[in-house]
Amino acid sequence: HYTAFAKQQLENRDTKFYFSKPEQRGFIDELNFEASGKKLAWEFDAQHIDICKVMLTEPLRSGEKIVITTPFRVKIPDSFSRLGHVGNSYQITQWYPKPAVYDRDGWHPMPYLDQGEFYSEFGNFDVKITLPKNYVVGASGNLQNAEELEWLNLIAEKTAAISEFEKSRAFPASDSATKTIHYILENAHDFAWFADKRFHVLKGEVTLPHSGRKVTTWAMFTNYEAHLWKNSLEYLQDATYYYSLWIGDYAYENVTAVEGALSAGGGMEYPTITIIGRAGTAHALETVIMHEVGHNWFYGMLGTNERMHPWMDEGINSFYENRYFYTKYPGRKWVPGLQVKGFRRFFDIDQYKENYLSELFYLFTARQYQDQPISMTAEAFTTFNYGAIVYSKAGMAFEYLKAWMDDSLFDQSMQRYFEEWKFKHPQPDDLREVLETASGKNLDWFFETIIGTDEKMDYKITRVKKDKVNNLHTVRIRNRTGVAAPVPVDALRGDSIVKTVWVDGFEGKKEFQIENEGFQEYRIDAGRSTLEFQRKNNNYRLRGLLPKVERFRFQLFGSVENSERTQLFFTPVLGWNHYDKTTVGIAFYNHLLPHKKFEFELVPLFGTASYQFAGIGRMGYNFYTKGSKIHNINLSVHGKRFSYGLLPEPLTYSKIEPTLIINFRKPNARSHVDNSMTLRSVNVWQEYRNFFRDENVFRKVTERYVVNEAAFHMNHKRAINPFRWTVALQQANDFIRTFGELNYMLTYNKQNKGLHVRVFAGAFLWNNRDAGTLPDARFRLNFSTGREQFQKDFLFDEFFYGRNETTGFLSQQIAVRDGGFRTLNNFGQTDKWLSTIHLSSTIPGKIPVRPFMTVGAFGQPNSNFNLACELGISLVILEDIFEIYFPLLSIVQVSLPNGKQARKWYPGIGRDESENLYRDLKYRNLITFQINIRRMNPFNFLRDFSF
């Protein structure tokens, strides 16, 4: 449990290994190192139990060699990561004692990690495997058994003739007879093998573009996705051909892909062989196969240190993955599954080429300033950034470099890099030296800024001055961030690029002249080859009154950001509450993905029963800081208006809430601790019916009140025993109160089962309010619907379907606030203090039922101490969103002014010694429910998505 792998799994919020049983986990033991017939002393690493150090009897000098041997026993685990088995399917990787690499930087002993691949030394492998005879094996290297090869060829012939595969995935019985198969592999730094009795086999070959040498291709797969794997040889052969064409010929004799079970991503590469997980579609399968085959160059033949420099493999390989699809499928757009052009145009995604998903991933994290430098070590990245930065941004960076150098020069440089450094473990400086020598230019901007920092690149066209006499345009561009990287400025006619001018990197402003050839628009990086952070300022049209303002697009539902349009999205909206009845309206918003600094959602509605206008809205702006303890400040204004009563006329409430949220910077990017502070001023206009005695009539009155709140929030989203807490201070004209809430989960198992604990405590620091005045800020055991003058949700934060109901089904809706009791009662309300603890526990299995118990105490003017408790069960449909509660027993005991005790039992049994005082209590506690509409808001999800 305490290996580096185990710790990282928890950091990545994966509890499968943490809760595994000892028999599910694996190990290597029975080590006994010897050299020249003498035993060698060895010891485990003090920090990592999967690393050991062997002491030689004499120093090994440069140029000398030594033969070290050891037996070892492997206990094969369940498939938690890469090595493992699922049933009788075996993935045998990282399975032998592997010597650490010694290079110019010294030794590199590395513990096994799931996120963070390997650095191993080149050598020669001679491997013999004995196993039941009916197993089909795919392995690194070259099979030496003629009989086994003939058997595989026969299976391949049968597989090629199959038109429709069976659906059975059952394992046949193992053959009682065994076989020993022999593999040899030279100049490789690892050896892996995979065995399954159910494998189909396909066999082909590809001719390499430079040498003309033929390479054998193998595909091995089960019935699971056999209909997709029928074309897998094409993917293997095309990948091998194109990578050889662009980088250098493949060095080995075989290239193999096998289908298998693994937990570490969609596929995993090893020398000459790759294992592929479930794909789902033909495009996904081709993507994973060709990507993993590509690793044979950077991970395989070059042998870069992926733990220290993951971008040198994953990033460069992702660039070639994108290039593969540009070349093989020219003109194909992103989201290739959406082939209906009208559909793509409707959602405004037809403009984007296939690699736009990489740009979107990068922008998703970068626009929130949660990205990390490409150059970081593998284990330092967040889980999301490992994909968004190491794969996506780094791949885009090399697309950028290729566009700047031009295809021919870039290819010559990468081929030279491959030839000089294959089988030698190149480092970043080695790659840089080759590229600078080839280009004849300094690449500080690329290696030190684009690769080495998380600085954002953002150029803007500020002006185009026309010289009609000389037919010249003077284009002025401004660097908005200071990243002095070269930038292409394209001149367009229509949507076609007519001319491109590359401007060397600079700070501040710069101008250049270009002869006008009937251009209609200038655009920075129209081909989307750079890492432009904000493309909305890249356009300058030569016609129209507002040349820098993009054309307007009013769009149903929405799409990703279109840098060539000013986008406003809209969606028809239907809602319902008991007073407005059906509400109809339209949601207007300016964002989906990626994030913008300025975002708004406006949802005007009309009540079909109340004939009142209603709705919700928010507009906010994010300010991001750099190098301080504050990550960002969000300044926003929220609004809300609905009816909450109908008889004899509609009653409404309106709310305007200016809010300032300060999100503090994490101690490191991988931390699961979020700290924030909220400052808000809640302005409420509440209508209610008041009796005027001098006129003897009820009349509708509007009362305004303001409550100011300061709250600090901490959320520790660790995988085991997560918790969060809030402390808040609220102030109004006639009271000051404070409260704190702690939510803790004691985790039982990997299904996220556990004991949920909620503790609440609140007290008035000063209270000068009169009974019956607004706002009614008393603490309550239960937060539910209520009468018009006594709104329990006095800040109107919650959405209640029947906010003013005291009877009927809608009165059963509650919100888990204040005391958090699930039972409805009016006993537990206090303007002194309140404290409760709520316990609920999941039960084994998948049944979404939890028993719960809540106990509490509170003070009242006539009594310092009153008790309450409840027992019940809950049905959890959606955690914290939709839950149904079945109270079984609830008791509230309070002290009366006359010194007696009043005790109320729920539901509807027992005795009540104060019936006259509390006769409004009804038998209505058979069921309550929570529907948290705020948590269901898709804008909240997109805005609050956490890495």
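Quick caveat, the model's predicted, so the values are computed rather than measured. (Residues numbered from 1 in each chain as written. Predicted model: local features only at pLDDT ≥ 70, side-chain atom pairs only at ≥ 80, totals over all residues. Heavy atoms only, no water.)

A.B. asks: Please clarify how the overall build of the chain should be interpreted in this entry.
C.D. replies: If you tally the helices and strands in the chain, you get 14 helices and 50 strands. Along the three orthogonal principal directions, the C-alpha set of the chain runs to about 105 × 90 × 60 Å. For the chain, the proportion of its 947 residues judged to be buried stands at 51%. (Helix = DSSP H or I, 4+ residues; strand = E, 2+ residues; numbered from the N terminus. Buried < 20%, exposed > 50% of the residue type's maximum accessible area, 1.4 Å probe, protein only.)

A.B. asks: Is there a simple way to think about the confidence of the model for the chain in this case?
C.D. replies: Note that predicted coordinates carrying low pLDDT should not be read in detail. Taken as a whole, the chain shows an average pLDDT of 90; of its residues, 92% reach a score of 70 or greater. Considering only residues more than four positions removed or in separate chains, one finds that residues 908–924, a stretch of pLDDT under 50, has 28 contacts. Residue range residues 941–947 is modelled with pLDDT below 50. Its contacts to residues more than four positions away, or to other chains, number 19 contacts. (pLDDT = per-residue confidence, 0-100. Contact = heavy atoms within 4.5 Å.)

A.B. asks: Can you help me understand the sheet that holds strand 6 (residues 68–69) in this one?
C.D. replies: Strand pairs in the sheet, formed through backbone hydrogen bonds, run parallel or antiparallel to each other. In spatial order, the strands read 3-2-6; together these 3 strands make up an open sheet with antiparallel pairing. The outermost strands of the open sheet, each flanked by one partner alone, are strand 3 (38–39) and strand 6. Sheet topology note: the strand 2 (residues 34–35)/strand 6 ladder contains 2 bridges and is antiparallel. Looking at the pairing, E34 lines up with T69 of strand 6. (Pairing = 2+ DSSP bridges.)

A.B. asks: Can you help me understand unusual backbone geometry in this one?
C.D. replies: Negative phi values dominate among residues other than glycine, just as trans dominates among peptide bonds. Omega for the peptide link from L593 to P594 comes to -10°, which places this bond in the cis form. Of note, P594 is situated in the loop between strand 31 (581–589) and strand 32 (598–607). Of the consecutive residues L774 and P775, the connecting peptide bond is found in the cis state with omega at -5°. Mapped onto the elements of the fold, P775 is located in the loop between strand 40 (754–767) and strand 41 (779–780). Phi at F796 is positive, roughly 55°, even though this residue is not glycine. Turning to its location among the elements, F796 is positioned in the loop between strand 42 (783–784) and strand 43 (814–815). Look at D880: it is not a glycine, yet its phi comes out positive at around 60°. When you line up the elements, D880 lands in the loop between strand 47 (863–878) and strand 48 (882–895).

A.B. asks: What is the right way to look at helix 6 (residues 314–328) in this model?
C.D. replies: An α-helical segment advances 3.6 residues per turn. Residues three or four places apart therefore align on the same side. Over its 15 residues, helix 6 runs 21 Å from end to end, which matches the ideal 21 Å to within 8%, given 1.5 Å per residue. With 13 of 15 residues buried, helix 6 is to be regarded as a mostly interior element. (Expected span 1.5 Å × (residues − 1).)

A.B. asks: Just checking my understanding: could you explain the nonpolar core for this structure?
C.D. replies: Grouped burial of nonpolar side chains is what soluble globular proteins tend to show. Judged by nonpolar contacts, the single largest core of 134 residues is most densely connected at W193, Y320, L401, L431, F446 and Y522. Here the element with the most residues in this core is helix 9 (residues 383–405); it accounts for 11 residues. Residues within four places of F446 in sequence aside, it is in contact with A397, F398, L401 and I451. (Core = buried A, V, L, I, M, F, W, Y, C linked by side-chain atoms within 4.5 Å.)

A.B. asks: How should I be thinking about the sheet that holds strand 16 (residues 193–196) in this particular structure?
C.D. replies: In spatial order, the strands read 8-9-16-13; together these 4 strands make up an open sheet with antiparallel pairing. Looking along the sheet, the strands with just one partner apiece sit at the ends: strand 8 (84–86) and strand 13 (136–139). Put simply, the sheet's adjacent strands are angled 10° from each other on average, direction ignored. Alignment of strand 9 (residues 89–92) against strand 16, held across 3 bridges, turns out to be antiparallel. Bridge pairing in strand 16 links I92 to W193. (Axes fitted to C-alpha atoms, helices over the stretch in contact; angles between N-to-C directions.)

A.B. asks: I tried to follow the pairing of strand 23 (residues 472–479) on my own but got confused; where do I start?
C.D. replies: Consecutive residues of a regular strand have side chains that alternate between opposite faces of the sheet. Two elements, strand 22 (residues 459–467) and strand 23, share 8 bridges in a ladder whose sense is antiparallel. Paired with Y459 across the bridge in strand 23 is N479. Taking the residues that link successive antiparallel strands as the turn, the strand 22-strand 23 hairpin has 4 residues, and the phi of N471 there is positive, at about 55°.

A.B. asks: Where do I start with the packing of aromatic side chains in this structure?
C.D. replies: Pairs of aromatic rings are described using the distance from one ring centre to the other and the angle between the two planes. Summed over the entire model, instances satisfying the criterion amount to 72 aromatic pairs. Aromatic side chains Y96 and F125 sit 6.1 Å apart centroid to centroid with 70° between the ring planes, which places their arrangement in the edge-to-face category. Note that Y96 is positioned in the loop between strand 9 and strand 10 (101–103) and F125 in strand 12 (residues 123–132), a separation of 29 residues in sequence. A relative accessible area of 15% places F125 in the buried class. Geometry around F118 places K98 over its ring, the cationic atom sitting 5.5 Å from the centre. (Phe/Tyr/Trp six-rings, centres within 6.5 Å; stacked < 30°, edge-to-face > 60°. Lys NZ or Arg CZ within 6 Å of the ring centre and 35° of its normal.)

A.B. asks: Help me understand the packing of helix 4 (residues 232–246) against helix 5 (residues 282–301) in this model?
C.D. replies: Helix-helix packing is described using two parameters, namely the angle between the two axes and the distance between the axes. Across the interface, helix 4 lies against helix 5 with an axial gap of 9 Å and an inter-helix angle of 40°. One finds that helix 4 runs oblique with respect to helix 5. In this structure, helix 4 crosses over helix 5, and the sense of that crossing is right-handed. For the pair helix 4 and helix 5, the contacting residues are S232, Y235, L236, A239, T240, Y243 and S244 in the first and A282, L285, E286, I289, M290, V293, G294, W297 and F298 in the second. Split by residue class, the contact of helix 4 with helix 5 holds 11 nonpolar, 4 polar and 1 charged. (Parallel < 35°, antiparallel > 145°, perpendicular 65-115°, else oblique. Left-handed = near helix turned anticlockwise from the far one by under 90°. Nonpolar A, V, L, I, M, F, W, Y, C, P; charged D, E, K, R; others polar.)

A.B. asks: I'm lost on the environment of Q730 in this one. Help?
C.D. replies: By secondary structure assignment, the location of Q730 is in strand 38 (residues 723–732). Separated by 122 residues in sequence, Q730 and F852 have C-alpha atoms that sit 30 Å apart. Here E709 takes part through its side chain, which lies 2.6 Å from a polar atom of the side chain of Q730. Here R737 takes part through its side chain, which lies 2.7 Å from a polar atom of the side chain of Q730. (Polar contact = N/O pair within 3.5 Å; in protein donor to acceptor, adjacent residues only side chain to side chain.)

A.B. asks: Which parts of the structure should I look at to understand the packing of helix 9 against helix 10 (residues 407–421)?
C.D. replies: Contact geometry of helix 9 with helix 10 gives a least axis separation of 6 Å together with a crossing angle of 120°. Considered as vectors, helix 9 and helix 10 are oriented oblique to each other. Like other packed secondary-structure pairs, helix 9 and helix 10 cross with a definite hand, here right-handed. Seen from helix 9, the contacting residues are F398, L401, K402 and M405; seen from helix 10, they are D407, L409, F410 and S413.

A.B. asks: Could you clarify how one ought to interpret the side chain of H189 in this entry?
C.D. replies: Its location among the elements puts H189 in the loop between strand 15 (178–188) and strand 16. Side-chain polar atoms of H189 contact the backbone oxygen of Y299, separated by 2.4 Å. At 3.3 Å, the side chain of H189 forms a polar contact with the backbone oxygen of G300.

A.B. asks: Can you walk me through the pattern of salt bridges in this structure?
C.D. replies: Two side chains bearing opposite charge may form a pair once their charged atoms approach each other closely. Inspection of the entire model under this criterion finds 50 salt bridges. A salt bridge links K700 to E687; the shortest N-O distance between them is 3.7 Å. On the criterion of sequence distance, the pair formed by K700 in strand 37 (residues 697–716) and E687 in strand 36 (residues 673–692) is long-range, its members being 13 residues apart. Judged by relative accessible area, K700 falls into the partly exposed class, the value being 31%. (Salt bridge = Lys/Arg side-chain N within 4 Å of Asp/Glu carboxyl O.)

A.B. asks: What should I look at first to understand the environment of G294 in this one?
C.D. replies: Checked against the element boundaries, G294 lands in helix 5. With relative accessibility at 0%, the residue G294 sits in the buried group.

A.B. asks: Is there a simple way to think about helix 8 (residues 356–366) in this case?
C.D. replies: Burial analysis of helix 8 places 9 of its 11 residues in the buried class, which makes it a mostly covered element. Each element contacted by the buried residues of helix 8 is listed here: helix 6 and helix 9.

A.B. asks: I tried to follow the side chain of T652 on my own but got confused; where do I start?
C.D. replies: Position of T652 relative to the elements: it lies in strand 35 (residues 651–664). Look past the residues within four positions of T652 in its chain and what remains in contact with it is Q612, R641, F642, S643, Y644, W685, Q686 and E687.

A.B. asks: Looking at this model, I keep getting lost on a nonpolar patch on the surface. Mind explaining?
C.D. replies: A contiguous nonpolar surface patch, about 760 Å² in accessible area, is contributed by F598, L602, M619, Y621, F623, L635, V637, I656 and W685. At the level of secondary structure, the elements contributing two or more residues to the nonpolar patch comprise strand 32, strand 33 (613–624) and strand 34 (630–645). Ranked by the residues each element gives to the nonpolar patch, the list is headed by strand 33, at 3 residues. Tracing the backbone shows Y621 in strand 33. On the basis of relative accessibility, which here comes to 33%, the residue Y621 falls in the partly exposed class. (Patch = residues over 30% accessible without salt bridge, like charges linked within 9 Å, V, L, I, M, F, W, Y side chains within 5 Å. Areas by Shrake-Rupley, 256 points an atom, 1.4 Å probe, with all protein chains shown as cover.)

A.B. asks: I keep staring at the environment of N470 and nothing clicks. Help me out?
C.D. replies: Tracing the backbone through its elements, the reader meets N470 in the loop between strand 22 and strand 23. Residues N470 and E515, spaced 45 residues apart in sequence, show a C-alpha to C-alpha distance of 8.3 Å. A polar atom in the side chain of N470 sits 2.8 Å from the side chain of D467.

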